Amino acid sequence: MGQKKDLTGSEKSKIVRYLAEGCSSLKIAKLLKRDHRTIKRFIQNSQQGRKKRVEKPRRKITAHELRKVKRAAAKMPLATSLAIFQSCNITGVPKSTRCAILRDMAKVRKAERRPPLNKIHKLKRQDWAKKYLKTDFSKVLWTDEMRVSLDGPDGWARGWIGKGQRAPVRLRRQQGGGGVLVWAGIIKDELVGPFRVEDGVKLNSQSYCQFLEDTFFKQWYRKKSASFKKKMIFMQDNAPSHASKYSTAWLARKGIKEEKLMTWPPCSPDLNPIENLWSIIKCEIYKEGKQYTSLNSVWEAVVAAARNVDGEQIKTLTESMDGRLLSVLAKKGGYIGR
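On a predicted model such as this, the values are computed, not experimentally measured, just so you know.

Caption draft 1: Broad picture of the packing of helix α8 (residues 205-219) against helix α11 (residues 245-253). Relative orientation of the contacting elements α8 and α11 amounts to 30°, with a least axis distance of 8 Å. The angle between α8 and α11 places the two elements in the roughly parallel class. As α8 runs across α11, the sense of the crossing is right-handed. Each of S205, Q206, Y208, C209, L212, E213 and F217 in α8 lies in contact with α11, whose residues at this interface are Y246, S247, W250 and L251.

Caption draft 2: Local environment of a negative patch on the surface. Residues D189, D310, E312, E319 and D322 make up a contiguous surface patch of negative charge. Positionally, D189 belongs in the loop between β2 (179-187) and β3 (190-196).

Caption draft 3: Broad picture of the pairing of strand β1 (residues 140-149). Taken across its ten residues, β1 has eight buried, putting it largely inside the fold. Bridge analysis of β1 against strand β4 (residues 233-235) gives three bridges, and the strand direction is parallel. Each bridged residue has a counterpart across the sheet, and for L141 the counterpart in β4 is F234. Direction of pairing for β1 relative to β2: antiparallel, over a ladder of eight bridges. By the bridge assignment, M146 is partnered in β2 with V182.

Caption draft 4: Structural view of the nonpolar core. Membership of the largest hydrophobic core comes to 39 residues, with the highest contact counts inside it found for W128, W142, V148, M262, I281 and I285. With seven residues, the top contributor of residues to this core is helix α13 (residues 295-307). Ranked by size, the runner-up nonpolar core spans 22 residues in total, among them L141, W183, I187 and W250.

Caption draft 5: Local environment of α8. Here α8 spans 20 Å end to end across 15 residues, near enough to the 21 Å set by a 1.5 Å rise per residue. Roughly 35° is the biggest bend found in α8, and it falls at E213. Within α8, the full set of buried residues consists of S205, S207, Y208, C209, F211, L212, E213, T215, F216 and F217. Against the buried residues of α8 lie β1, β2, β3, β4, α10 (240-243) and α11. Sitting at the head of α8, N204 places a side-chain oxygen 3.2 Å from the backbone nitrogen of Q206.

Caption draft 6: Structural detail: the pattern of salt bridges. Overall, the coordinates contain ten salt bridges when judged by the stated rule. The salt bridge involving D270 is made with R125; its shortest N-O contact spans 2.9 Å. Separated by 145 residues along the polypeptide, D270 in the loop between α11 and α12 (274-285) and R125 in helix α7 (residues 119-131) bring together distant segments of the chain. Take D270: its relative accessible area is 0%, and that puts it in the buried class.

Caption draft 7: Just α12, in detail. In a regular helix each residue adds 1.5 Å, so twelve residues correspond to 16 Å; α12 covers 17 Å between its end C-alpha atoms and thus fits that length. Restricting attention to buried positions, one finds in α12 the residues I274, E275, N276, L277, W278, I281 and I285.

Caption draft 8: Local environment of the side chain of D151. The topology assignment puts D151 in the loop between β1 and β2. Overall, D151 belongs to the buried group, its relative accessible area being 16%. Within the structure, the side chain of D151 is placed 2.9 Å from the side chain of Q291, a separation counted as a polar contact.

Caption draft 9: Spotlight on the sheet that holds β3. Across the sheet, which stays open at both edges, the four strands sit in the order β3-β2-β1-β4 with mixed pairing between neighbours. Here the strands that pair on one side only, and so sit at the sheet edges, are β3 and β4. When the angles between neighbouring strand axes are averaged without regard to direction, this sheet yields 20°. Along the sheet, α8 makes contact with β1, β2, β3 and β4, crossing β3 at roughly 135°. In the packing of α12 onto the sheet, contacts are made with β1, β2 and β3, and the angle to β1 comes to roughly 35°.

How each quantity is defined
- Residues numbered from 1 in each chain as written.
- Predicted model: local features only at pLDDT ≥ 70, side-chain atom pairs only at ≥ 80, totals over all residues.
- Heavy atoms only, no water.
- Axes fitted to C-alpha atoms, helices over the stretch in contact; angles between N-to-C directions.
- Helix = DSSP H or I, 4+ residues; strand = E, 2+ residues; numbered from the N terminus.
- Parallel < 35°, antiparallel > 145°, perpendicular 65-115°, else oblique.
- Left-handed = near helix turned anticlockwise from the far one by under 90°.
- Contact = heavy atoms within 4.5 Å.
- Patch = residues over 30% accessible without salt bridge, like charges linked within 9 Å, V, L, I, M, F, W, Y side chains within 5 Å.
- Areas by Shrake-Rupley, 256 points an atom, 1.4 Å probe, with all protein chains shown as cover.
- Salt bridge = Lys/Arg side-chain N within 4 Å of Asp/Glu carboxyl O.
- Lys, Arg positive; Asp, Glu negative; His and termini not counted.
- Charge placed at Lys NZ, Arg CZ, Asp CG, Glu CD.
- Buried < 20%, exposed > 50% of the residue type's maximum accessible area, 1.4 Å probe, protein only.
- Pairing = 2+ DSSP bridges.
- Core = buried A, V, L, I, M, F, W, Y, C linked by side-chain atoms within 4.5 Å.
- Expected span 1.5 Å × (residues − 1).
- Bend = angle between axes of the 7 residues up to and from the residue.
- Polar contact = N/O pair within 3.5 Å; in protein donor to acceptor, adjacent residues only side chain to side chain.

In structure tokens form, the structure reads like this:
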């Protein structure tokens, strides 16, 4: 015999009304055409009311244990409260108590995306800022690569949904779907590229130089005047494929050497204005949680977004370099806001 349905909300309200009128549980069962035991059970449960919560005695934490927890929290960044207390051999403490104790001595934070700067890094950043403080940055070509995926960052798939509307379904892929590696440069108010690295190509020194030959040099640099080439300074970061002896020698044969090849301090993405361009493009191609079904479609979106970046936006980025150098010196080599 199948199980009967539970009482609906309207049936429960009718039971309450019938009881107020003085009807018996048996009469109410006949009026609602429900089993008498069901009606009696509902009346009994509603008369009992809510059970009071029994407070369990909390385990007391000694001052010695607090000092152990504080040391463990310092040694185990990003660890859970349970892991921290277990490392101190403190058991039987509920999660709410653990978190309350840790709030007095620690904070819940996400991992830093930028690598920490040591003393050598900060000194090199300061030396770099002093070296290029009087440079005409309108003559510098700022370059970098960016990888774009089909789905974009997870946190960007959030936004406001109107009342009564359902959130759109987000595709989930078992293997991630891969991505596209993009190279570009900016100089004064001009965007160079973007150029797409061939799918499946890993950028080592040889493939990086060949890529520059096929794209940057043939499609852009070769068209420039001799006076422009003489004054242009080429900037690239310290990725292994960029800073290797092979790549440096290859660029020197192209005329980009010595003062024409900018030295770059370690751990300094915050000093490269093209990083801000990548942020502008990613905000455009992934707005409203947009996803892509193929690598070609996401590449077309990158190209379209790059075309929408006007010269004034690029000029704002390249002209920000004087301020960035002064900020580095003011912060004694520390990271600057972007």
